[in-house]
Amino acid sequence: MEKEKSANPNVVSLDGVWKFTWAVDPDHRIKDFYKNDYDNSKWSDIVVPGNWQLQGFDLPVFVNIPYPFKRDQPFVMGEPQKNYYTFDHRNPVGSYITSFTMPQNAVNKQVFLHFGGVESAMYVWINGQKVGFSKSSMVPAEFDITKYLRKGKNKLAVEVYRFSDGSYLEDNDMWRLSGIFRSVDLHIRPKTYVQDHFITAVPSTDFSKTSVGIDLNLENRAETAAKNLLVEALITGNDKTGKPVSITLTRKIPVVNKQGAIKVSLSALINNPNLWSAEHPYLYNVQLKLRDSRNQVIETIHNRFGVKKVEVKGELFYINGQLVKLKGVNRHEHHPRTGRHVDRQTMLTDIRLIKQANINMIRTSHYPNEPYFYELCDEYGIYVMDEADNESHGYGIGNRNLGEDPNWEKAHVDRAVSMLQRDKNYASIILWSLGNEAGRGRNIRAMADTVKKLDPSRPVYYDSDRSVSAIYDEGYLHPDTLAALGKRIKDRPVFLREYHHTMGNSGGNLQEYWDVIYADESLVGGAIWDWVDQGIAKKIDGSALKYDANPANLNLKADEYFAYGGDFGNYFNDGANCLDGIVSSDRTPQPEYYEVQKVYQNVVFKLENAATPTVAITNHFNFTPLSDFDISYEYTLAGKVIKSGKLNSLNILPGATAKTTIPLPPNAEGELCLNLYASLKKATLWAAAGYRIARGQFIIKPFDFKKMAPVSANAQATQTSTEIIVTAGQHRMVFNKANGALTSWNQGDTELLKGALEPYFWKPANDNQKRNNYNRDLRKWKTAADSRAVKSFEVEDKNGLVNINFNMLLPTINADYKLSYVLNGEGKLQVDADYKPLADTIPLIPKFGMRMRIPANYYNVQWYGRGPYENYPDRKTGSMVGLYSLKLKDFMTDYAASQDNANRTDVRWFSFGAADGNAIKVEGLQPLCFHAWNYTEDDLEKVRHSFELPERDFINLNIDLNVHGLGGNDSWGAKTMSKYTIDGKKPYHYGFVLAYSKGK
């Protein structure tokens, strides 16, 4: 096992600092560097494992679909377009040298040199002698180097090519990086050893027992036969009742011929076995021992296995006899400093965050991952779709260029076999994927046939040739289209290998997807694209990438930012398409993460009767009763908890629903919310006891939105030729007659406005909208307020209130707009806006609201509405109504690629406070949206990164009735669902009250 390597004396790590030099192309490489007498003393140092582009050599390039070199298979040295990085860097070569001392325990043993992953092709020499060649980047390459070794110091030389013909099958949507990016080890084995083993444990039909099969390949590399060997297997664990299981299996091996091999099979029966699932990842231990003729143990191998059954029956998908929904995510291996090499602590961080988000499935997009990651999935409980490194998207999805060409058959099959043979014993793997966005035809059929023959216990999955896939694949469908597909496809289940593209500020309408998926048993689920942003930590001053003393550090330093496509020169690239994660490059959960956590939760609360109140609780777990969790509730009044308790009598079985009544608190006047939670009773590997795995909220008594009331003091109005001036005590407000804006708001000697309160309809685009013609189709609204024309206005003093009405026209839109102000004697200002379209060709409105600027020192944000994290109309399911407070810097969301951010929805009121306690407060006359930045919309739209944004001397505050939703289907043209847009052909009204309070 990977996690036991460091304690195993028969595994010697060669990781560390090697010598390195880089050449711009093969012609400039040092050809004789592998020779024993070659002097490398002037070479640079490089850390292995790692990518050379992140250590000061060459440049990283991010492209999605096109090959980064001239497409001319099988060649990679042709002349590409001049804007390609490879035009002047025609297949760079990295040359590595290290040395090691032959271990004492390697005498009279077989020594294998093991590379976990090298991208993309390499030649290997030991002590000046060529050992071999490999060109499949994401699976191990192993060489028997016994005959090349000598006592004492040995020289290892490796020549790595950035591209090879194998790169035609590695056209993945990721940074194109190179080098020895996974660990390098020496494996010391006896002359006769267990070359391979495969443990199967498929339970019986009724799951009352399981037959365990252990198939071993023994190999003898000695020049004499190995006789009278004994294979021993010890299986340990517990059965479902807790009774210990201890089974010893043995098999005598009379002889293994010299330079020969033999297959051995062992079998056992476990009654009443514990089953492995993502909910209960129970693992049995297996200790394999090989004994020689003197009964001495010459080799010991430890492994684990899980008992599970994966089945496709008609259009239904089962795990252990239950219809399982796969709540998945795609995960690239990425670290912002070390690239494709991901350290173990970061892997562990990923796994814990994934479990905490209620994600139960990972697709290893688009290649076999580091083996330690599968061990974590086995232990923590994650279903895995293991994917072969087969993508030829540059030739098109379902292309026959590579899929039908018989010259490419062995390359295709080898990638599937290499993955399967390495990973077949991991309990977490439920599906073998043959690749992604690649070929179709004979070579794919050969892959599928081989995989099915080697491991019939796991279904085969493939997107680019559905004829070989046990499950019907689709990706990036609209929820309505997915619903229709589920009804149309009847011969197999349907799964979205990729959906819900979370590029930048995205993640809209996830709930709609899962309403559809739960409504149709044949819809298995989907895997969100994707887990983590692929940003690279880069110095703001542009200096070369290099490791510091702690390259595993995920966090940015003050002088760094997360770079994306195009930040390493103006070479052809795909920009911010590498920033698609629900967690950022440093593993900070982004707002989408919390929406996923809520929608994916397995405990669902539904309000049946608000008067009682009665709640229905549904258990969507497959194997876990709700008695394993604490179900609790709390009532909040105006955001503050007034009553709480536990519902301990609930024991809802998997798939079942039960109803419960939760007594109301007495004398609760105001908005009353009922919040429900499901929490861990006991600590798990991935979270502490008390961690909330589900939440729900219901409004029992709604908020009472009130218009501003008259007070005893009076407000008074005066006019000049250009202004209307209203005073109320120490408050003085000035309105512009020409455009209806509030241009000044004085409280005593303090000016509270740094920019006018006026209509404003523009919302900068997010990444989805930058690519779906939002800026083109809605551009009229960007300056619609600037050209507003006042048709008439009126000022009235009545009952101590000053009423001001501006009747306006939005000429570029062809709509009437009325703005009404009411100021009372306390200095409170009620604002009402009415919009009436005059044409039926008006485009969608980006946002309906107003904007103003307030002093920068009012940076303490407090609100009563949805939060605490950013939310939008189509991404708010996971954001509960509550009372929240944040500093402005934490209120904003700094996406790696700058775009719209920071909105909050369903807000009853909000305020911005200064350190002295003074505050500007806005109370809605209906639910509001609001967002605030310390920069302008123009600032945001001009820059590529948040560090480039200026910090203005004001807070830019938008107060809105509604904003255009984010979208979430894809980021290359899909529109936001219509119900989350603002129809410009419909009338709207909204209002709010603006007030100021002094600190105590």
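- The protein chain goes by Beta-galactosidase in an unreviewed UniProt entry, where it is assigned to Mucilaginibacter calamicampi.
- Quoted straight from UniProt, the Catalytic activity (unreviewed entry) entry for the protein chain says "Hydrolysis of terminal non-reducing beta-D-galactose residues in beta-D-galactosides."
- According to the UniProt record, the Subunit (unreviewed entry) comment for the protein chain is "Monomer."

## Here's the deal with helix H8 (residues 591–599)
And step 1. The element H8 is largely enclosed, with a buried count of eight among its nine residues.
And step 2. Every buried residue of H8 is listed here: Pro591, Glu592, Tyr593, Glu595, Val596, Gln597, Lys598 and Val599.
And step 3. Along its buried surface, H8 packs onto helix H1 (344–356), helix H7 (510–518), strand E32 (523–528) and strand E41 (692–701).

## Remarks on the environment of Lys770
And step 1. Looking at where Lys770 falls in the secondary structure, it is placed in helix H9 (residues 767–770).
And step 2. By relative accessible area, Lys770 is classed as partly exposed at 40%.
And step 3. Linking Lys770 and Ser211, residues 559 residues apart in sequence, is a C-alpha distance of 56 Å.
And step 4. Once residues within four sequence positions are removed from consideration, Lys770 is found in contact with Ala765, Asn775, Ser898 and Gln899.

## A short note on unusual backbone geometry
Negative phi characterises most residues that are not glycine, and trans characterises most peptide bonds.
And step 1. That bond from Ser365 to His366 is cis: its omega, -10°, falls within 30 degrees of zero.
And step 2. Considering the arrangement of structural elements, one finds His366 in the loop between strand E26 (361–363) and helix H2 (371–380).
And step 3. The backbone phi angle of Arg587 is positive, close to 75°, even though this residue is not glycine.
And step 4. Tracing the backbone shows Arg587 in the loop between strand E34 (560–563) and H8.
And step 5. In this structure Arg587 comes out as buried when scored by relative accessible area, which is 4%.
And step 6. Residue Asn799 is not a glycine yet carries a positive backbone phi of 55°.
And step 7. Mapping Asn799 onto the fold places it in the loop between strand E48 (789–798) and strand E49 (801–810).

## What about the UniProt feature "domain: Beta galactosidase small chain/" (unreviewed entry) in the protein chain?
And step 1. When the UniProt feature table is mapped onto this chain, "domain: Beta galactosidase small chain/" (unreviewed entry) is found at residues 725–995.
And step 2. Here residues 725–995 runs as 7% helix and 48% strand, with 17 Å between its end C-alpha atoms.

## Some words on the sheet that holds strand E20 (residues 284–291)
And step 1. Spatial strand order, E18-E17-E20-E21: four strands in an open sheet with antiparallel pairing. Among the strands making up the open sheet, the edge pair consists of strand E18 (244–256) and strand E21 (297–305). Direction aside, the axes of adjacent strands within the sheet are offset by 15° on average.

## Observations concerning the pattern of salt bridges
It is possible for side chains bearing opposite charge to pair when their charged atoms get close.
And step 1. Counted by the stated rule, this structure contains 62 salt bridges.
And step 2. In this structure, the salt-bridge partner of Asp350 is Arg331, at a minimum N-O distance of 3.2 Å. With a gap of 19 residues between them, Asp350 in helix H1 and Arg331 in the loop between strand E25 (326–330) and H1 connect regions that are remote in the sequence. Side by side, Asp350 and Arg331 carry an identical accessibility label, which is buried.

## Some remarks on the side chain of Ser204
And step 1. Examined against the element boundaries, Ser204 turns out to sit in the loop between strand E15 (192–203) and strand E16 (209–220).
And step 2. A polar atom in the side chain of Ser204 sits 2.8 Å from the side chain of Asp206.
And step 3. At 3.3 Å, the side chain of Ser204 forms a polar contact with the backbone nitrogen of Ser208.
And step 4. Discounting chain neighbours no more than four positions away, the residues touching Ser204 are Lys209 and Lys309.

## Structural notes on the sheet that holds strand E39 (residues 657–661)
Each strand in a sheet pairs with its neighbour through backbone hydrogen bonds, running either in the same direction (parallel) or in the opposite one (antiparallel).
And step 1. Spatial ordering of the open sheet is given by E35-E36-E39, a layout of three strands whose pairing is antiparallel. With partners counted over all chains shown, the strands left at the sheet margins are strand E35 (603–609) and E39, one partner each. For this sheet, the mean inter-axis angle between neighbouring strands, taken without regard to orientation, is 25°.

Reading the values: rules and limits
- Residues numbered from 1 in each chain as written.
- Predicted model: local features only at pLDDT ≥ 70, side-chain atom pairs only at ≥ 80, totals over all residues.
- Heavy atoms only, no water.
- UniProt positions renumbered as here; feature names shortened; annotations may be inferred.
- Buried < 20%, exposed > 50% of the residue type's maximum accessible area, 1.4 Å probe, protein only.
- Helix = DSSP H or I, 4+ residues; strand = E, 2+ residues; numbered from the N terminus.
- Contact = heavy atoms within 4.5 Å.
- Pairing = 2+ DSSP bridges.
- Axes fitted to C-alpha atoms, helices over the stretch in contact; angles between N-to-C directions.
- Salt bridge = Lys/Arg side-chain N within 4 Å of Asp/Glu carboxyl O.
- Polar contact = N/O pair within 3.5 Å; in protein donor to acceptor, adjacent residues only side chain to side chain.

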